Amino acid sequence: MPTKQESIIGLAAQTARDITRSGGAYMAFLTTAANNFKYGFRDQLLIYAQKPEATACAEISFWNRHGRWVNKGTTGIALLKDTDAPYKLRYVFDMSDTNSRAGHTVPVWQMQPQDKGAVIESLENRYGIPQGGADLTASLLETAKTVAEDNAADYLTALCEVKGGSLLEELDADNTEVWFKGLLGNSIAYMLLTRCGVNAREQFGANDFARIGDFNTPETVSVLGTAASDISEMVLQEIAATVIDRRRQEIRGRDSVA
């Protein structure tokens, strides 16, 4: 009988296979990944496998420090913890599985209409994208395209090293690059839009991710997933900092008026 650790390792591997079966399956995963963008690809896989609707996960110690308590009987989301010893497990809980009798809340940043201008300006300054006016969706799409192009090289090298045995194997270097960058850019865009409250399915359909089926080995999907996770987190941290700074300015403004 497999140990709990072995079962979770197997779950991660199976989920990686599952999300490559169709564009729709991959899009569903990207939604969970976007809402948990601070986690790495493997952790995102496991969160998706165990609680796909999760939007804010943390260990129990984090919730307790913020005056929230895990609901009785809740099963934690098991994640793999890398150590020098064999894999160990750690558990996280979604905010929806916590409560506070005293009414303590943990604010999770959300994009508001009044944030759009500041976020667009921040992205334009940080990534040098063309002036996008007041259209947040266009700005996010252009940002995704730019960061995918600028950051793909290292991941592409890794992909070429492991694509043997996958459906990518017969592609030459140029076509491998085109397919990878296209799918990577779409993945990043989907995650940025989703986390910023834009309906990504109005911009993308399953056909936009049809080539996920060619990343049909654990090694190839891991390269793609890690690239999308790493690069999306970089951009979303920039957006989060901008939104949080605006909230602080609003609070200071209200306090000064009072």
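Residues numbered from 1 in each chain as written. Predicted model: local features only at pLDDT ≥ 70, side-chain atom pairs only at ≥ 80, totals over all residues. Heavy atoms only, no water.

(A) How the structure looks around empty space enclosed by the protein. Evaluation of the coordinates by the stated rule reveals one cavity of 30 Å³ or more. Its volume calculated, the largest cavity comes out at about 30 Å³. Looking at the largest cavity, the residues that line it are Tyr 26, Phe 29, Leu 30, Ala 33, Phe 41, Gln 44, Met 191, Gly 225, Ala 228 and Ser 229. Listing elements by their share of the lining of the largest cavity, those giving two or more residues are helix 2 (23-35), helix 3 (41-50) and helix 8 (218-257). Looking at which element gives the most residues to the lining of the largest cavity, the answer is helix 2, with four residues. Tallied by class, the residues present in the lining of the largest cavity amount to seven nonpolar, three polar and no charged. (1 Å grid on protein atoms, 1.4 Å probe; cavity = no way out; pocket = protein on both sides within 12 Å on 5 of 7 lines; lining within 4 Å. Points joined across faces, edges and corners; volume = space filled by probe spheres on them. Helix = DSSP H or I, 4+ residues; strand = E, 2+ residues; numbered from the N terminus. Nonpolar A, V, L, I, M, F, W, Y, C, P; charged D, E, K, R; others polar.)

(B) Main features of the pattern of salt bridges. What the rule picks out here adds up to nine salt bridges. Asp 97 is the partner of Lys 51 in a salt bridge, and the nearest nitrogen-oxygen pair spans 3.4 Å. Linking Lys 51 in the loop between helix 3 and strand 1 (57-58) with Asp 97 in the loop between strand 4 (88-94) and strand 5 (98-99), this pair joins segments that are 46 residues apart in sequence. You'll find Lys 51 and Asp 97 in the same group, each marked buried. The partner of Glu 149 in a salt bridge is Lys 181, with the nearest N and O atoms 2.9 Å apart. Here Glu 149 is found in helix 6 (residues 136-162), whereas its partner Lys 181 is found in helix 7 (residues 173-195), with 32 residues between them in sequence. The class for Glu 149 is partly exposed, based on a relative accessible area of 47%. (Salt bridge = Lys/Arg side-chain N within 4 Å of Asp/Glu carboxyl O. Buried < 20%, exposed > 50% of the residue type's maximum accessible area, 1.4 Å probe, protein only.)

(C) Quick look at the sheet that holds strand 4. Judged by pairing direction, the sheet is antiparallel, and its three strands sit side by side in the order 1-4-3 without closing on themselves. The open sheet has two edge strands with one neighbour each: strand 1 and strand 3 (77-81). As defined by bridge partners, strand 3 adjoins strand 4 across five bridges and the pair is classed as antiparallel. By the bridge assignment, Ile 77 is partnered in strand 4 with Val 92. Strands in contact with helix 1 (residues 4-18) are strand 3 and strand 4; relative to strand 4, the strand with the most contacts, it is inclined by about 65°. (Pairing = 2+ DSSP bridges. Contact = heavy atoms within 4.5 Å. Axes fitted to C-alpha atoms, helices over the stretch in contact; angles between N-to-C directions.)

(D) Looking closely at helix 7. Here helix 7 is 23 residues long and its end C-alpha atoms lie 33 Å apart, about the 33 Å a rise of 1.5 Å per residue gives. A side-chain oxygen of the first residue of helix 7 lies 3.3 Å from the backbone nitrogen of Asp 174; this N-cap is Asp 172. Positive phi appears at Gly 197, one or two residues downstream of helix 7, with a value of about 80°. (Expected span 1.5 Å × (residues − 1). Polar contact = N/O pair within 3.5 Å; in protein donor to acceptor, adjacent residues only side chain to side chain.)

(E) Expanded view of the layout of surface pockets. The space that makes up the largest pocket amounts to roughly 610 Å³. Around the largest pocket, the lining is made up of 21 residues, and of these Lys 38, Ala 56, Pro 107, Val 108 and Trp 109 lie nearest the centre. Broken down by secondary-structure element, the contributors of at least two residues to the lining of the largest pocket are strand 1, helix 4 (60-65) and helix 8. Among the residues making up the lining of the largest pocket, the classes are represented as 13 nonpolar, five polar and three charged. Approximately 190 Å³ is the volume attributed to the second largest pocket. As for the second largest pocket, its lining consists of Ile 9, Ala 12, Ala 13, Ala 16, Phe 41, Arg 42, Leu 45, Leu 80, Tyr 87, Pro 218, Val 221 and Ser 222.

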